Amino acid sequence: MSVGDISLLETGPVQSDSSSYTSSEGRSSVMSSESPLLERARQLSKNRTWCNQPEVKETGIVQSLAKETLLQQEAIFEIITSEASYHLNLTTLIDQFMDDPKLEPNTPESALDRTQHSTIFSNVKEIRSISARFLEEILGLFGEDVFLGKIFPVLEDYAANRFVCYERYCASQSHRLKELKECTEKSENFQRQLKRLEEEANQTLQSLVTAPMQRVTKLPLLMSEILKRTPNDDPRREQMELTHRATAEIADLCNKGAGKIGDLVHLETIWKKLHFGQLKPFLILAPGRKLKKEGAIERLRVNKRRTRVQPDKVQNYLFVFTDLFMITTEEKERHHVVDYCPLSQLTVEPISTHPTTPILDTSSSSEDSYTMSGAEWTVAVAGEEHAFLVTLTESAAVASGKQGGDGSYIFVAKSEAEKTKWMDTLRERHKEEVVSKPKTGRNLTMLTRKRQREIPTKKYWWKQPQVEQSGVVKTLTQLQLELQEAIFEVVTSEEEHLATMETLVNHYMSDSGLDPSYPEEQRVLSEEEYNDIFRYVKDVLLISGGLLKTLHARQRENVVVDTICDILLLCVERRFQGYIRYCTNLPNSLEQLDTSIEKNEPFRGYLRQLEEDQRPLRSLLKAPMDHVSHLPQLLRNILRKTPTTELNHCLVEATLRALEKVERLCTSGQQKVEKIKELYLLENQLDFGSIKPFSLVSVGRSLLKQGSLTKLKVSQWFGKAVRKKTNYLIILSDCLLITKRIENVYKVMDMVPLGRVLVEVVEPHAVEHHSSLTGGEDVLVGARWAVSKAGENHAFLVTLPDVKRSYTFVTKSEQERAEWIEALTEQNLMSFEEETDSSLTWEYFYMEAVADYCPASECRAPEDLDMRRGELLRVYRANNDWCEGLRLHDLHWGRIPTKHLCHAPPGGRRETDGAGLGEWLAQATHDFPGNESGELPLEKGDVVKVARQLAEQSTVY
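Residues numbered from 1 in each chain as written. Predicted model: local features only at pLDDT ≥ 70, side-chain atom pairs only at ≥ 80, totals over all residues. Heavy atoms only, no water.

Focus: the overall build of the chain
Here comes step 1: The helix and strand tally for the chain stands at 29 helices and 25 strands.
Here comes step 2: Residues classed as buried in the chain amount to 48% of the 957 residues present.
Here comes step 3: If you take every contact in the chain between residues at least 6 apart in sequence, the share linking residues at least 24 apart comes to 67%.
Here comes step 4: If you sum the accessible surface of the chain, you get close to 46,800 Å²; carbon and sulfur atoms cover 49% of it. (Helix = DSSP H or I, 4+ residues; strand = E, 2+ residues; numbered from the N terminus. Buried < 20%, exposed > 50% of the residue type's maximum accessible area, 1.4 Å probe, protein only. Contact = heavy atoms within 4.5 Å. Areas by Shrake-Rupley, 256 points an atom, 1.4 Å probe, with all protein chains shown as cover.)

Following this line, the structure appears as structure tokens:
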């Protein structure tokens, strides 16, 4: 078919961020007529002191100010001067690097493709826009008041609500620097262009792309310096502290995001190489887990099968994580796991060489069981010097029965320094966990007494002093009184929730035995564990405190409150995203809490004391989710008390819908976290063999059912006897995997989309002909014969038309058969349309955003993905409405409407098959009959995947 017969899936032409390009001379002329904001920024970069500013000199006030006041004003003014310098750096980054014709991917001579350009520069234009607005606003404040009295509320607002773009940018910082390094090393053209541009700008590209990260982390330092210069009785100090807290929080989020992506990518790389064999597999992508050390090392092993006990040398590869030790053997690109153990459950001892009579643990058949004397003898016989003994007290190999003994291993380093490094790394976490319980300044005698907790009494609106004094109750009808009580119940519920969150923060998070701000030797919990348990708690506290403050202000306006739903609706739309983040992460927090209680003995005892006079920590962590679930119930009560004739009735309904949506998003977020963990574990156990593999982890995909089933198979020998074999079925929400379980590995025999599976109940029926199972026409008749022959009663037939195979499975009961049939006939929850081409499920291609997409919060789904024009999406699933996949520059998963995308042109980076053919999505603009041989008939609107584009035609499938 002709190329002109199809068009890309887009709503308009692809446009670059810059419609035209200029030469170096052209850019120089543009810079000469720069905006007033840039001119003012350049002036500030040269004149950086507050007292020398023209606006300050005109007042003549400098001479009358004390030295401390002058130092304070200079510290405050540094917010403006540093922002001005930073804004100039961003302008240089965009104008002289990002938009240069030699780097812009839209030009033929570009040294970068679209993916590389998008990864390196990311959303820097959005950041410059925010910086320009912030700089312009604070310069306006300086023009109004040279003392900058109003700068701190403005900075707090930007840090809390508008600097979110920094978090997104910093999260991909490690990915950005890695891409920049690879382009510099592999592309000579890019090297030349980069050298030219850096000479013109007199700045390096690496320093410029790290500027946003440095800026957001410098803001809390500036605020700390200001606070040092500010007396405690200064009326602005309270606002300064709030601003300092807001800047510190956004800096902390950016730092965590930057580290989290790098750690996750590294752990995922290791995870894909691990093969557990007979050992029980587990997911190494755990919250807070990092790799501390890895490397190859020799291990001594006594071969007891020989007549004379002689040690052998085995090459091992060790991984030491923050909480885990793993021994593997490296083979090609895979690591076969030999043993693993929690880092706190091992001992490390150096071995000295004393050749004596061998003392081995002969009671065990294991070749890895030693006393210290036996280890010394083994090292002496081997003639080694730099050896150490590691004993795993919770050995996975011993627990699985793979080996006997006590899980002890002798490792030999190449030098004494290397030996010391390995031993120190293995002992490091263990030392942290055996630290004695710190003294917190609490009365420990009181901690041992269980305080009787008072049962809170219900508060009533009509009993409040201000209500009783007003005498307004007598003027209200019964329905109006009930409405006021329902409104008051929302306020009291928020008060109780805020008190709960304050207890969580003050009693647990701020305790000197847990808080990372205290010295390490006083704490029983590592910083990683602390962050994983209490993640997003302070976000919820701020949301609840702000909402309650506004509700109390409404109560003070009038004793009889007309409505609070306008306050609730505004808060839900603007602030409740923090609840969704918290509740989505709640399973991870509770999992880390359970892990720390189980494996960290000092923490377990210390937490027991903390919980003696307060609610249990687990209960407090669940409080935000309980509150989110309780609010819709309170709103339903208000709705019942509000007459339909009142104007507020529609407002109450809208608020209720918004709260119900938040509750759904919180619940679905938790479910998605559990599904992803479940699929990750299962994915590591699959062996696809000759079948093309695919990633099980995908947004919306879940595990419906798995388990072993007996399969009936007709043998061609001995009179066509029926034999029984076992298969392991894995039913996902969009596909069926029929596997054969071999220990802890599932070898995939067949894999088909769930919508292409036919299921029929098979009742036993004695028939004379059974040719269907051996190549005949009626498969169902043959299945009945096999079931009757085997004497089974609860069977069903699974037919796979795509691969032309059928399976007859039997269950132990009628109920079990019904459960399997229900799971197999489940609708494909992952597909957007029933007729979506199943081949799109397992392969991917690249699309480019042709317009910005950022849905509003009220209509935003959890899986919606923000994208800027020009960013790339690796698409795994697509139809006429939606494309779902991975945003390349920061590796975030989600979906975006197809109309906002077009295919990435052949010049961009794309995944290819063995023949080097790229693939993209296209849509027919009108009917095409396909009269010639080899041409594909299409109707207007049909979606096709283009496999190869020729001069005038495209090959599609």
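Having seen it, we continue.
Comments concerning the environment of Gly-545
Here comes step 1: Relative to the helices and strands, Gly-545 is located in helix H21 (residues 537-557).
Here comes step 2: Here Gly-545 falls in the partly exposed class, since its relative accessible area comes to 27%.

Re the UniProt feature "coiled-coil region" (unreviewed entry) in the chain
Here comes step 1: Here, the residues flagged by UniProt with the feature "coiled-coil region" (unreviewed entry) are residues 180-207.
Here comes step 2: Secondary structure within residues 180-207 divides into 86% helix and 0% strand; the distance between the first and last C-alpha atoms comes to 12 Å. (UniProt positions renumbered as here; feature names shortened; annotations may be inferred.)

Quick look at the packing of helix H4 (residues 67-98) against helix H10 (residues 188-201)
Here comes step 1: Following both chains from N to C, one finds H4 and H10 inclined at 140°, their axes separated by 10 Å at the closest point. Accordingly, the angle class assigned to the pair H4 and H10 is oblique. Crossing hand, H4 versus H10: right-handed. Every residue of H10 that contacts H4 at Thr-92, Gln-96 and Phe-97 is listed here: Leu-194, Leu-197, Glu-198, Glu-200 and Ala-201.
Here comes step 2: Here the residues of the contact of H4 with H10 sort into 4 nonpolar, 2 polar and 2 charged. (Axes fitted to C-alpha atoms, helices over the stretch in contact; angles between N-to-C directions. Parallel < 35°, antiparallel > 145°, perpendicular 65-115°, else oblique. Left-handed = near helix turned anticlockwise from the far one by under 90°. Nonpolar A, V, L, I, M, F, W, Y, C, P; charged D, E, K, R; others polar.)

As for helix H7 (residues 151-162)
Here comes step 1: If you check H7, its first and last C-alpha atoms are 15 Å apart, about what 12 residues at 1.5 Å a residue would give, namely 16 Å.
Here comes step 2: Listed in full, the buried residues belonging to H7 are Ile-151, Phe-152, Val-154, Leu-155, Tyr-158 and Ala-159. The buried side chains of H7 occupy one side of the element, clustering within an arc of 165° when seen end-on. (Expected span 1.5 Å × (residues − 1). Arc of directions from axis to C-beta.)

As for the sheet that holds strand S16 (residues 795-800)
Here comes step 1: With mixed pairing, the 8 strands of this open sheet are ordered in space as S10-S14-S13-S12-S11-S17-S16-S15. Pairing within the sheet leaves two strands with one partner each, and these edge strands are strand S10 (686-687) and strand S15 (758-762).
Here comes step 2: With 6 bridges joining them, S16 and strand S17 (residues 805-810) adopt antiparallel strand pairing. Each residue of the ladder has a partner; that of Phe-796, found in S17, is Phe-809.
Here comes step 3: The strands touched by helix H27 (residues 779-790) within the sheet are strand S11 (703-714), strand S12 (722-732), S15, S16 and S17, with S15 carrying the most contacts at an inclination of about 45°.
Here comes step 4: Sheet strands in contact with helix H28 (residues 814-824) are S11, S12, strand S13 (735-742), S15 and S16, and its direction is about 115° off that of S11. (Pairing = 2+ DSSP bridges.)

What to know about the pairing of strand S9 (residues 408-412)
Here comes step 1: Of all 5 residues that make up S9, 5 are buried, and the element is covered over most of its length.
Here comes step 2: Here S9 shows two buried faces, one formed by Ser-408, Ile-410 and Val-412 and the other by Tyr-409 and Phe-411.
Here comes step 3: With 5 bridges joining them, strand S8 (residues 387-392) and S9 adopt antiparallel strand pairing. Across the sheet, the residue bridging to Ala-387 is Val-412, located in S9.

Side note on the packing of aromatic side chains
Here comes step 1: All told, the structure shown has 17 aromatic pairs when counted by the stated rule.
Here comes step 2: Ring centres of Tyr-807 and Phe-809 lie 5.8 Å apart, and the angle between their planes is 5°; this geometry places the pair in the stacked category.
Here comes step 3: For Phe-809, a relative accessible area of 0% translates into the label buried.
Here comes step 4: Among the aromatic residues, those joined into a ring-pair cluster are Tyr-86, Phe-134, Tyr-158, Phe-163 and Tyr-166. (Phe/Tyr/Trp six-rings, centres within 6.5 Å; stacked < 30°, edge-to-face > 60°.)

Thoughts on the packing of helix H19 (residues 478-509) against helix H25 (residues 617-641)
Here comes step 1: Contact geometry for H19 and H25: axes closest at 10 Å, N-to-C directions at 170°. Between H19 and H25, the crossing angle belongs to the class labelled roughly antiparallel.
Here comes step 2: Tallied by class, the residues present in the contact of H19 with H25 amount to 15 nonpolar, 7 polar and 4 charged.

A look at a positive patch on the surface
Here comes step 1: Residues Lys-713, Arg-723, Lys-725 and Lys-740 make up a contiguous surface patch of positive charge.
Here comes step 2: Position of Lys-740 among the secondary structure elements: in strand S13.
Here comes step 3: Of the residues examined, Lys-740 reaches a relative accessible area of 44% and is grouped as partly exposed. (Patch = residues over 30% accessible without salt bridge, like charges linked within 9 Å, V, L, I, M, F, W, Y side chains within 5 Å. Salt bridge = Lys/Arg side-chain N within 4 Å of Asp/Glu carboxyl O. Lys, Arg positive; Asp, Glu negative; His and termini not counted. Charge placed at Lys NZ, Arg CZ, Asp CG, Glu CD.)

Examining the environment of Glu-200
Here comes step 1: Assignment of secondary structure puts Glu-200 in helix H10.
Here comes step 2: Exposure remark for Glu-200: the relative accessible area of 36% places this residue in the partly exposed category.
Here comes step 3: In this structure the C-alpha to C-alpha distance between Glu-200 and Gln-96, which are 104 residues apart in sequence, comes to 8.3 Å.

Some remarks on the nonpolar core
Here comes step 1: Counting residues in hydrophobic clusters, the biggest one holds 71 residues, and the most contacted among them are Ile-80, Phe-97, Phe-121, Ile-151, Phe-190 and Leu-205.
Here comes step 2: Residues within four places of Phe-97 in sequence aside, it is in contact with Thr-92, Leu-103, Phe-121, Leu-194, Leu-197, Glu-198, Ala-201, Gln-203, Leu-205 and Leu-208.
Here comes step 3: By size, the runner-up hydrophobic cluster in this structure holds 59 residues, among which are Tyr-582, Leu-586, Leu-634 and Leu-659. (Core = buried A, V, L, I, M, F, W, Y, C linked by side-chain atoms within 4.5 Å.)

Details of the pairing of strand S18 (residues 845-849)
Here comes step 1: Burial runs high along S18: 5 of the 5 residues are buried.
Here comes step 2: Burial along S18 is two-sided: the face carrying Phe-845, Met-847 and Ala-849 and the face carrying Tyr-846 and Glu-848 are both buried.

Concerning unusual backbone geometry
Here comes step 1: Of note, Asn-202 is a non-glycine position whose phi angle comes to about 60°, a positive value.
Here comes step 2: Within the secondary structure, Asn-202 sits in the loop between H10 and helix H11 (205-209).
Here comes step 3: Overall, the relative accessible area of 68% leaves Asn-202 in the exposed class.
Here comes step 4: A positive phi angle, close to 70°, is found at Tyr-536, a residue other than glycine.

Here's the deal with the pattern of salt bridges
Here comes step 1: Under the criterion given, the structure shown has 29 salt bridges.
Here comes step 2: Residue Glu-241 pairs with Arg-237 through a salt bridge whose shortest N-O separation is 3.3 Å. With Glu-241 and Arg-237 both in helix H13 (residues 237-273) and 4 residues apart, the pair spans about one turn of that helix.
Here comes step 3: You can call Glu-241 partly exposed: its relative accessible area is 35%.
Here comes step 4: Connected through shared salt-bridge partners, Glu-126, Arg-168, Arg-868 and Glu-871 make up one network.

What about helix H12 (residues 211-228)?
Here comes step 1: For H12, with 18 residues, the first-to-last C-alpha span of 26 Å sits near the 26 Å given by 1.5 Å per residue.
Here comes step 2: The largest bend in H12 comes to about 25°, at Lys-218, with the proline Pro-220 one to four residues further on.
Here comes step 3: Taken residue by residue, H12 has Ala-211, Pro-212, Met-213, Arg-215, Val-216, Leu-219, Pro-220, Leu-222, Met-223, Ile-226 and Leu-227 as its buried positions. (Bend = angle between axes of the 7 residues up to and from the residue.)

Side note on the state of the cysteines
Here comes step 1: Evaluation of the coordinates by the stated rule reveals 0 disulfides.
Here comes step 2: The closest cysteine sulfur to the non-disulfide-bonded Cys-165 is located on Cys-254, 8.7 Å from its own sulfur.
Here comes step 3: Its relative accessible area of 5% is what places Cys-165 among the buried residues. (Disulfide = S-S within 2.5 Å.)

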